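Observations on the three-dimensional arrangement
This is what each chain is made of:
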Amino acid sequence: MSKDISLAVTDGSGANKLQKTGIALLAFGVLATIIAAFGAGATQPVLFFWLSVGFISAGTLVYAYPYFQHEAGIKNNNIFKNGMTNRGALAWFTGLVLTGFYIILYWFPQYLEGLIRMCDPLSWLLRNKAADQWFLYGTLYTLAVLVMGFRFIGKYRHNRYQIIRTLSVMFFQLGFAFVLPGLLLMFNQPEFYFSYFWPLKYGYLWPNDINYVVSSGGLGYFMIFWGAIMTFIATPLLTYKYGKRWYCSWVCGCGGLAETMGDPYRQLSDKSLKAWKIERYTVHGVLVFIIITTIMLWLNSAWEGGLLGTWSGNFSQWYGFFIGSIFSGVIGTGFYPIFGNRVWCRFGCPMAAILGLFQRFKSKFRITTNGGQCISCGNCSTYCEMGIDVRAYAQKGENIIRASCVGCGVCSAVCPRGVLNLENLRDEK
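Residues numbered from 1 in each chain as written. Predicted model: local features only at pLDDT ≥ 70, side-chain atom pairs only at ≥ 80, totals over all residues. Heavy atoms only, no water.

**A closer look at the overall build of the chain**
Short version of the rule: Numbering goes from the N terminus for both helices and strands, where a helix is a DSSP run of H or I of at least four residues and a strand is a run of E of at least two. The reference for a compact globule is 2.2 Å times residues^0.38; the radius of gyration itself is calculated from the C-alpha atoms. Buried, partly exposed and exposed residues are distinguished by accessible area as a fraction of the type maximum, computed with a 1.4 Å probe on protein chains only: under 20%, between the cut-offs, and over 50%, respectively. Contacts between residues were defined by any pair of non-hydrogen atoms, one from each residue, lying within 4.5 Å.
Counting secondary structure elements, the chain contains 19 helices and 2 strands. Here the C-alpha atoms of the chain give a radius of gyration of 22 Å, agreeing with the 22 Å that 2.2 N^0.38 yields for 429 residues. Its C-alpha atoms put the chain at 70 × 65 × 35 Å along the principal axes. Residues counted as buried form 50% of the 429 residues belonging to the chain. Within the chain, counting contacts between residues at least 6 apart in sequence, those at least 24 apart form 73% of the total.

So, in structure tokens, the structure goes:
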């Protein structure tokens, strides 16, 4: 393989000319973003929007382009020697920046005023109103999924399953989680995300949110109908047929960001028995938390506050603060470079908990293994983002039916012997 298209890059000095150009463009975009944050974004929003978004996107795409030139096959050369992908100083710095951004976003948005105003032109065009911190976040989030999705497709371009599911998460993030909610606001309708359902979007089954949505009329009733159908009928049926992958790896925005922007960190997931025990308690604990909170809110609503007083409201506020903000946002994404890309999905997401229960006890989906072909290289376990010891199953020739598996298929993609296959079979007792 030509040295110029090698992806065995450990630092900037080892990059080829094209990648160095990408790094330069990326650095210029970051500089423009910093200048915009200090006020220039408010005075010249169009200029700094395109300088920031344009150069960061172009730089990332140019840097990732060599993935489309190398020979077929997934290359993770030197991934454990690169400080950015093996908890080095650069990873810790990136983690702190991401964590700090989420803290400012949730509780101190006034410090993002320059960046928020920079998004005003796009917000007026899409939503017919000025931008706020959540529009800024949605713009950056969608941009990350699209740009890093391009990189992901290049890296796994010989694998049809990986290409299609990545295009799927890019489509749902752009269309259903960014453009469509914006257009609803433009036409004075409730902002609604058709790709998120209770309990992940916990408010969609709470009395106040339902009252707010149905107040818009016929479309509001359809939104409630859609959410109820997807939560109580489509979710169990689709999980029975396809496993939790239909949502976690094909539709969900959280999973979309984890699979695209988080892909360089999938090998950092904790594979220990202790982590698995913690995972079982936390993910099901959050599920119990949201179920109890939802029941309390409805009981209190039915008795018009006479049964539980302020308790149900306090529960919902605690859930929103500890789970909705700190766990899913600050920890779930901010800690990508340290704990891997699926911290929230694995340890906290109540939607993943429900899907996992269906998948474990009543689903056709499983990863089949051909133990006779396994050479125990360990690639499957290393790159399992959910911390599953896939190799142990492969060595014994056992099919993998695990509640936590999101069906990303990377274990199968990195297997040099074709031992693992994602299949939908009859129930196994």
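Moving on from the model shown.
**A few points about the domain arrangement of the chain**
Threshold: Domain start and end points were adopted from an automatic or database domain assignment. Defined in terms of a 1.4 Å probe, buried area is the accessible area two parts forfeit on being brought together, summed over both. Here a polar contact means two N or O atoms within 3.5 Å. Within protein one must be a hydrogen donor candidate and the other an acceptor candidate, and residues neighboring in sequence count only if both atoms are side-chain atoms.
Taken domain by domain, the chain holds domain 1 (192-362) and domain 2 (363-424). Each of domain 1 and domain 2 has a C-alpha centre, and these two points are 26 Å apart. With 27 residues of domain 1 in contact, the opposing surface of domain 2 contributes 21 residues. Surface buried jointly by domain 1 and domain 2 totals about 2,100 Å² across both partners, of which 51% is contributed by carbon and sulfur atoms. Applying the counting rule to domain 1 against domain 2 returns 15 residue pairs in polar contact (both at pLDDT 80 or more). Looking at the side of domain 1 that touches domain 2, the elements with two or more residues in it are α9 (218-242), α10 (245-248), α12 (273-302), α15 (343-347) and α16 (350-361). For the side of domain 1 that touches domain 2, the leading source of residues is α16, giving 5 residues.

**Let's talk about the UniProt feature "transmembrane region" (unreviewed entry) in the chain**
In plain terms, the rule: UniProt positions are given in the numbering used here, feature names are shortened, and annotations may be inferred rather than shown by experiment.
The sites that UniProt annotates as "transmembrane region" (unreviewed entry) are residues 21-41, 47-68, 89-108, 134-154, 166-187, 219-240, 281-299 and 319-339. For the annotated span residues 89-108, helix accounts for 95% and strand for 0% of the residues, and the straight-line distance between the end C-alpha atoms is 27 Å. Secondary structure content for residues 319-339 is 95% helix and 0% strand, and the end C-alpha separation is 23 Å.

**Some words on the nonpolar core**
Put simply, the test is: For the purposes of this section, nonpolar cores are sets of buried Ala, Val, Leu, Ile, Met, Phe, Trp, Tyr and Cys residues that join through side-chain atoms within 4.5 Å.
Leu 200, Tyr 247, Val 390 and Leu 420 are the most contacted members of the largest nonpolar core, which totals 63 residues. Looking at which domains feed residues into this core, each of domain 1 (192-362) and domain 2 (363-424) supplies at least three. Discounting chain neighbours no more than four positions away, the residues touching Val 390 are Cys 380, Ser 381, Cys 384, Ile 400, Cys 411 and Leu 420. Leu 126, Val 145, Met 170 and Tyr 265 belong to the second-largest nonpolar core, a separate cluster that totals 31 residues.

**Let's talk about helix α3 (residues 89-107)**
This is how it is decided: A helix is expected to span 1.5 Å for every residue after the first. Directions are taken from the helix axis to each C-beta atom, and the arc is the one they span.
Look at α3: 27 Å from first C-alpha to last across 19 residues, which is about the 27 Å you get at 1.5 Å a residue. Here α3 has its buried residues at Ala 91, Thr 94, Gly 95, Thr 99, Phe 101, Tyr 102, Leu 105 and Tyr 106. Mapping the buried residues of α3 onto a view down its axis gives an arc of 155°, with all of them on the same face. Opposite the buried face of α3, by more than 90 degrees, sit the exposed residues Ala 89, Phe 93 and Leu 96. Where α3 is buried, its residues contact α6 (133-155), α13 (311-334) and α14 (336-339).

**Regarding the layout of surface pockets**
Where we set the bar: Lining residues are those with an atom within 4 Å of a point, where the points come from a 1 Å grid over the protein atoms alone and group into cavities, where a 1.4 Å probe fits but cannot get out, or pockets, open sets with protein on both sides within 12 Å along at least five of seven lines. Grid points are joined across faces, edges and corners, and a volume is the space filled by probe spheres set on the points. Note on residue classes: Ala, Val, Leu, Ile, Met, Phe, Trp, Tyr, Cys and Pro are nonpolar, Asp, Glu, Lys and Arg are charged, and everything else, Gly too, is polar.
Taken as a whole, the second largest pocket holds about 1,400 Å³ of empty space. Lining of the second largest pocket is provided by 49 residues; of these, Tyr 106, Trp 134, Tyr 137, Tyr 193 and Lys 201 occupy positions nearest its centre. Within the residue set of the lining of the second largest pocket, elements represented by two or more residues are α3, α5 (120-127), α6, α7 (160-186), α8 (207-214), α11 (253-260), α13 and α15. When residues in the lining of the second largest pocket are grouped by element, the largest group, 8 residues, is from α13. Taken together, the residues that form the lining of the second largest pocket break down as 30 nonpolar, 12 polar and 7 charged.

**Quick notes on a nonpolar patch on the surface**
For clarity, the cut-off: Patches here are clusters of residues that have more than 30% relative accessible area and form no salt bridge, with a 9 Å joining cutoff for like charges and a 5 Å cutoff for nonpolar side chains (Val, Leu, Ile, Met, Phe, Trp, Tyr). Only the protein chains shown count as covering a residue, and every accessible area follows the Shrake-Rupley method with a 1.4 Å probe. In what follows, salt bridge is the name for a side-chain nitrogen of Lys or Arg lying within 4 Å of a carboxyl oxygen of Asp or Glu.
A cluster of nonpolar residues, Ile 103, Trp 107, Phe 108, Tyr 111, Trp 311, Trp 318, Phe 321 and Phe 322, forms a patch on the protein surface that exposes about 850 Å² of accessible area. When contributions to the nonpolar patch are tallied by element, the ones reaching two or more residues are α3 and α13. Looking at which element gives the most residues to the nonpolar patch, the answer is α13, with 4 residues. Topologically, Tyr 111 is positioned in the loop between α3 and α4 (113-118). Tyr 111 sits in the exposed class, given a relative accessible area of 59%.

**Considerations on unusual backbone geometry**
Omega for the bond connecting Trp 198 with Pro 199 falls within 30 degrees of zero, at 10°, which places this linkage in the cis form. Mapped onto the fold, Pro 199 is located in the loop between α7 and α8. One non-glycine residue, Asn 78, lies in positive phi territory at about 60°. With respect to the helices and strands, the residue Asn 78 is situated in the loop between α2 (45-64) and α3. Residue classification places Asn 78 among the partly exposed positions, given a relative accessible area of 27%.

**Regarding the environment of Gly 22**
Along the chain, Gly 22 turns up in helix α1 (residues 17-43). Using a relative accessible area of 1% as the deciding quantity, one classes Gly 22 as buried. As a C-alpha pair, Gly 22 and Ile 56 span 34 residues in sequence and 8.9 Å in three-dimensional space. Once residues within four sequence positions are removed from consideration, Gly 22 is found in contact with Gly 59, Val 62 and Tyr 63.

**Digging into the packing of aromatic side chains**
So the rule is basically this: Between the rings of Phe, Tyr and Trp (Trp by its six-membered ring), a pair exists once the centres lie within 6.5 Å; its type follows the angle of the planes, with under 30 degrees stacked, over 60 edge-to-face, and the other angles tilted. By the criterion adopted, a ring carries a charge over it if an Arg CZ or a Lys NZ lies within 6 Å of its centre and within 35 degrees of its normal.
Here the structure, examined in full by the defined rule, presents 37 aromatic pairs. Relative to Trp 107, the ring of Tyr 106 lies with its centre 5.5 Å away and its plane at 45°, an arrangement referred to as tilted. Since its relative accessible area comes to 32%, Trp 107 is described here as partly exposed. Where Phe 222 meets Trp 226, the ring centres are 6.5 Å apart and the plane angle is 35°; that geometry is what we call tilted. Note that Phe 222 and Trp 226 are positioned in helix α9 at a spacing of 4 residues, about one turn of the helix. Here the aromatic cluster, defined as three or more aromatic residues joined through ring pairs, consists of Phe 101, Tyr 102, Tyr 106, Trp 107, Trp 134, Tyr 137, Tyr 141, Phe 321 and Phe 322. Above the ring of Trp 276, the side-chain terminus of Arg 280 is found at 4.2 Å from the ring centroid. One Lys or Arg, Arg 360, reaches over the ring of Phe 361 and ends 5.2 Å from the middle of that ring.

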